[in-house]
Amino acid sequence: SISLSNKTGCEAMAAFPVEDKDSSADIAQVAKEQIPAWMDVDLSQIEIKEVSGLGGSKTFRVSICEASGASKASADIVPTAVAFHFRSELNKPLLEERNIAAGRAFAKAGIGPMLIAEDEDLKWCINEWAGEAIVEKFMGPGCQAEATGVAAVENMAIWSHAGEFRESLGHLLGRIHRVPTNWAEPFVASKPFLL
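The rules behind these values
- Starting afresh in each chain, residues are numbered from 1 along the sequence in its written order.
- Residue-level local features of this predicted model are given only where pLDDT is at least 70; pairs of side-chain atoms are given and counted only at 80 or more, and the full residue set underlies all totals for whole chains, interfaces and linings.
- To obtain the side-chain values, all non-hydrogen atoms of the structure were used and water was disregarded.
- Paired rings are identified among Phe, Tyr and Trp, the last through its six-membered ring, by centres lying within 6.5 Å, and are further divided according to the angle between planes into stacked (under 30 degrees), edge-to-face (over 60) and tilted (the rest).
- Each residue's exposure class comes from its accessible area (1.4 Å probe, protein chains only) as a fraction of the maximum for that residue type: buried when under 20%, exposed when over 50%, partly exposed otherwise.
- Runs of H or I in DSSP of at least four residues are treated as helices and runs of E of at least two as strands, each being numbered from the N terminus.
- A 3.5 Å cut-off defines polar contacts: any pair of N or O atoms within that distance qualifies, except that in protein one atom must be a possible hydrogen donor and the other a possible acceptor, and neighbouring residues in sequence count only when both atoms are side-chain atoms.
- Here, residues are in contact when the closest pair of their heavy atoms is within 4.5 Å.
- When a carboxyl oxygen of Asp or Glu is within 4 Å of a side-chain nitrogen of Lys or Arg, the pair counts as a salt bridge.
- A pair of strands is considered paired only if DSSP assigns at least 2 bridges between the two.
- Working convention: axes come from line fits to C-alpha atoms, limited for helices to the stretch in contact. Angles between N-to-C directions cover 0 to 180 degrees.

Describing an aromatic ring pair means giving the distance of the ring centres and the angle of the ring planes. Tallied over the entire structure, the rule returns three aromatic pairs. An angle of 55° between the planes, with centres 5.2 Å apart, marks the rings of F84 and F86 as tilted. With respect to burial, F84 and F86 carry one shared label: buried. Pairing F84 with W124 gives two aromatic rings, centres 5.5 Å apart and planes at 20°, and the pair type is stacked. Pair noted here: F84 is in strand 3 (residues 81-86) and W124 is in strand 5 (residues 124-128), with a separation of 40 residues, a long-range link.

Printed below as a string of structure tokens:
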């Protein structure tokens, strides 16, 4: 375990090699320091769950849970959960820069999670928690999980029928198509654009 006794959480995150950066104590400390509403939350109330996808970076769901003797109820604190992302040093810098720019454009358009805080070297960031994945990890068109995943989504109780899901998806795609594309201009000259 990493000692934070003489460093702030942000200093601790910057001071350790990547393989040590998924320390729950460090993540909790940084979240507490960076999210103003969490300033008075006891570290024992902060819960960390890894929810990483298939890339080299790591993503954690960081949330406030009820704890005995807690000074504030978690329902009174907003946000109650955030996404904490560590960007992999193995990923190509262009890929990370492009992902950051796209994320900001989608957040500004209201269709992506808002940025709450980030490291000045862009090694980590904290975003609004946008929710749980509702299907298995997507491995590409035609993968085994694709058909079962789409069927599972269409049959979820939140949709009155499959048509409602398709209509909602269509509205989302329409909003995506209205996102200004100028965020991509610095990357267009880089070939290939999709890494």
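Back to the write-up after that little detour.
The next point concerns the side chain of S63. By the element assignment, S63 lies in strand 2 (residues 58-64). Among the polar contacts listed, one links the side chain of S63 to the side chain of R61, at a separation of 3.0 Å. Beyond its immediate sequence surroundings of up to four residues, S63 is in contact with W38, Q45, I46, E47, T80 and A81.

What follows deals with the pattern of salt bridges. Any two side chains of opposite charge can pair, on the condition that their charged atoms come close. Across all of its chains, the model carries four salt bridges by this definition. One salt bridge in this structure joins R104 and E118, with 2.3 Å as the shortest N-O distance. Residue R104 is found in helix 3 (residues 93-108), and its partner E118 is found in strand 4 (residues 115-118); the two are separated by 14 residues along the sequence. Overall, R104 belongs to the partly exposed group, its relative accessible area being 41%.

Pairing within the open sheet is antiparallel, and its five strands lie in the order 1-2-3-5-4. Edge positions in the sheet fall to strand 1 (46-50) and strand 4, since each has one partner strand and no second. Along the sheet, successive strands turn relative to each other by an average axial angle of 25°, direction set aside. Sheet analysis places strand 2 next to strand 3, joined by six bridges and oriented antiparallel. Its bridge partner being in strand 3, K58 is matched across the sheet by F86.

Turning to the pairing of strand 5, a few remarks are in order. Most of strand 5 is tucked away: four of the five residues are buried. The pairing of strand 3 with strand 5 spans five bridges and is antiparallel. The partner of H85 across the bridge, within strand 5, is C125. By the bridge criterion, three bridges tie strand 4 to strand 5 in an arrangement that is antiparallel. Directly across from A117, in strand 5, lies its bridge partner I126. Here strand 4 hands over to strand 5 after five residues, with L122 in that stretch at a positive phi of 60°.

So, about the pairing of strand 2. Most of strand 2 sits out of view: five of its seven residues are buried. With five bridges connecting them, strand 1 and strand 2 associate as antiparallel partners. Bridge pairing links I46 to I64 in strand 2.

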